[in-house]
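So you can see what is in the structure, the chains are spelled out below.
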Amino acid sequence: MNTIIRKSVLSVAGLAFAGGVFAGPIAAHANPVDAKPAAVAVQTSAPKPQGDQSHIDLNGEQTANVKAIIAATKKAGLPERAAVISIATSLQESKLENLGHLGDRNDHDSLGLFQQRPSSGWGTPEQITDPAYSTTAFLKGLKQVDRWQDMPLTDAAQTVQVSAYPDAYAQWEQQATDLVGQHWNS
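Read on for an overview of the structure. (Residues numbered from 1 in each chain as written. Predicted model: local features only at pLDDT ≥ 70, side-chain atom pairs only at ≥ 80, totals over all residues. Heavy atoms only, no water.)

1. Focus on the overall build of the protein
Applied cut-off: Numbering of helices and strands runs from the N terminus; a helix is a DSSP stretch of H or I covering at least four residues, while a strand is a stretch of E covering at least two. Exposure classes here rest on a 1.4 Å probe applied to the protein chains alone. A residue is buried below 20% of its type maximum, exposed above 50%, and partly exposed in between. Two residues qualify as a contact provided that any one of their heavy atoms is within 4.5 Å of a heavy atom in the partner residue. All accessible areas in this document rest on Shrake-Rupley with a 1.4 Å probe, and a residue is counted as covered only by the protein chains that are shown.
Per the secondary structure count, the protein includes 7 helices and 0 strands. The N-to-C order of helical and strand elements in the protein reads α-α-α-α-α-α-α. Counting only residues that meet the buried cut, the protein has 34% of its 186 residues in that class. Summarising the internal contacts of the protein: among those between residues at least 6 apart in sequence, 60% fall at separations of at least 24. Of the roughly 11,500 Å² that the protein leaves accessible, carbon and sulfur atoms contribute 56%.

2. Examining the side chain of Q115
For Q115, the location among the structural elements is in the loop between α3 (80-94) and α4 (125-128). Contacts of Q115, omitting those with residues within four sequence positions, involve E93, L99 and S110.

3. What to know about the packing of aromatic side chains
Stated formally: Each Phe, Tyr or Trp ring (for Trp, its six-membered ring) is paired with any other whose centre lies within 6.5 Å, and the angle between the two planes then decides the class: stacked below 30 degrees, edge-to-face above 60, tilted in between. Note on geometry: a ring has a charge over it if NZ (lysine) or CZ (arginine) is within 6 Å of the ring centre and within 35 degrees of the ring normal.
Under the counting rule described, the total for this entry stands at 1 aromatic pair. Their ring planes at 10 degrees and their centres at 4.9 Å tell us that F114 and F138 sit as a pair that is stacked. Note that F114 is positioned in the loop between α3 and α4 and F138 in helix α5 (residues 131-143), a separation of 24 residues in sequence. It is K74 that lies over the ring of W184; its NZ or CZ is 5.0 Å from the centre.

4. Some words on the packing of helix α2 (residues 60-75) against helix α7 (residues 173-183)
Stated precisely, the cut-off is as follows: In this analysis, axes come from line fits to C-alpha atoms, helices being fitted only over the stretch in contact, and the angle between any two N-to-C directions falls in the range 0 to 180 degrees. Put simply, angles under 35 degrees are roughly parallel, angles over 145 are roughly antiparallel, angles from 65 to 115 are roughly perpendicular, and the rest are oblique. Under the convention adopted here, Pro, Cys and the residues Ala, Val, Leu, Ile, Met, Phe, Trp and Tyr are nonpolar, Asp, Glu, Lys and Arg are charged, and Gly plus all remaining residues are polar.
Contact pair α2 / α7: the axes reach a minimum separation of 10 Å and the direction vectors enclose 75 degrees. Taken together, the axes of α2 and α7 lie roughly perpendicular to each other. Residue-level contacts link T63, V66, K67 and I70 of α2 to L179, V180 and H183 of α7. Each residue belonging to the contact of α2 with α7 can be placed in one class, and the counts come to 4 nonpolar, 2 polar and 1 charged.

5. Observations concerning the side chain of H183
Along the chain, H183 falls in helix α7. The exposure class of H183 is buried, given its relative accessible area of 11%. In this structure, H183 is in contact with T63, V66, K67 and I70, ignoring residues within four places of it in sequence.

6. Observations regarding helix α6 (residues 153-161)
The element α6 is extensively covered by neighbouring structure, given that 7 of its 9 residues are classed as buried. When we look at burial in α6, the residues that qualify are L153, T154, A156, A157, Q158, V160 and Q161. The inward-facing, buried residues of α6 contact α3, α5 and α7. Positioned one or two residues after α6, V162 has a phi angle of 55 degrees, which is positive.

7. As for the nonpolar core
For the record, the criterion: Among buried residues, the Ala, Val, Leu, Ile, Met, Phe, Trp, Tyr and Cys ones that are joined through side-chain atoms within 4.5 Å form a nonpolar core.
Formed by 35 residues in total, the largest nonpolar core has its most connected members in I85, I87, L96, F138, L142 and W148. Among the secondary structure elements, those contributing two or more residues to this core are α2, α3, α5, α6 and α7. Looking at which element gives the most residues to this core, the answer is α3, with 7 residues.

8. Quick word on the packing of α5 against α6
Interhelical geometry of α5 versus α6 gives an angle of 110 degrees and a closest axis separation of 9 Å. Judged by the inter-axis angle, α5 sits roughly perpendicular to α6. Side by side, α5 and α6 meet where F138, G141 and L142 of the first sit next to A156, A157, V160 and Q161 of the second. For the contact of α5 with α6, the class distribution of residues is 5 nonpolar, 2 polar and no charged.

9. Looking at the environment of E97
Locating E97 in the fold gives a position in the loop between α3 and α4. Spatially, the C-alpha atom of E97 lies 9.7 Å from that of P131, the residues being 34 residues apart in sequence. Discounting chain neighbours no more than four positions away, the residues touching E97 are E61, Q62, N65, G112 and L113.

By themselves, these figures tell us nothing about what the structure is for.
Have a look at this one:
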């Protein structure tokens, strides 16, 4: 009988100890008055910007074009990463200015935010210089790129744009990311 009592006492003591070990840390933080939010590390699937980053100050027209790109991205049902790629591309191609024909300074017949060419099938000059249309056309091309969400921004943009300067898009990734962060929910 001594053995049974001793085993029972040890079992109860063991349960009390185990309960204290597991519930103790929880109980120690149960007071909501003293509770403080814990820092949470969030891992995003977007790669870090590549190389040296460029930045320009935006005027009202350029900011309106950022908002138009974001609105078209949302309307297409695409995530923030698509807007980042689109804005970085437009920063490189036109500095977010909706460019018309530039005469001798024009690159062939390139127009609009993305410097799209009517002769390459992007649309009419009127369509290409409409920010919503040109963004939608760019996004349509982006959606056709396999795994665009996971590739470096400059590779995704280059696959759509086919630029003579394929690495130039990378320099705008940080500013584009910041602009999307600032305007996505506004």
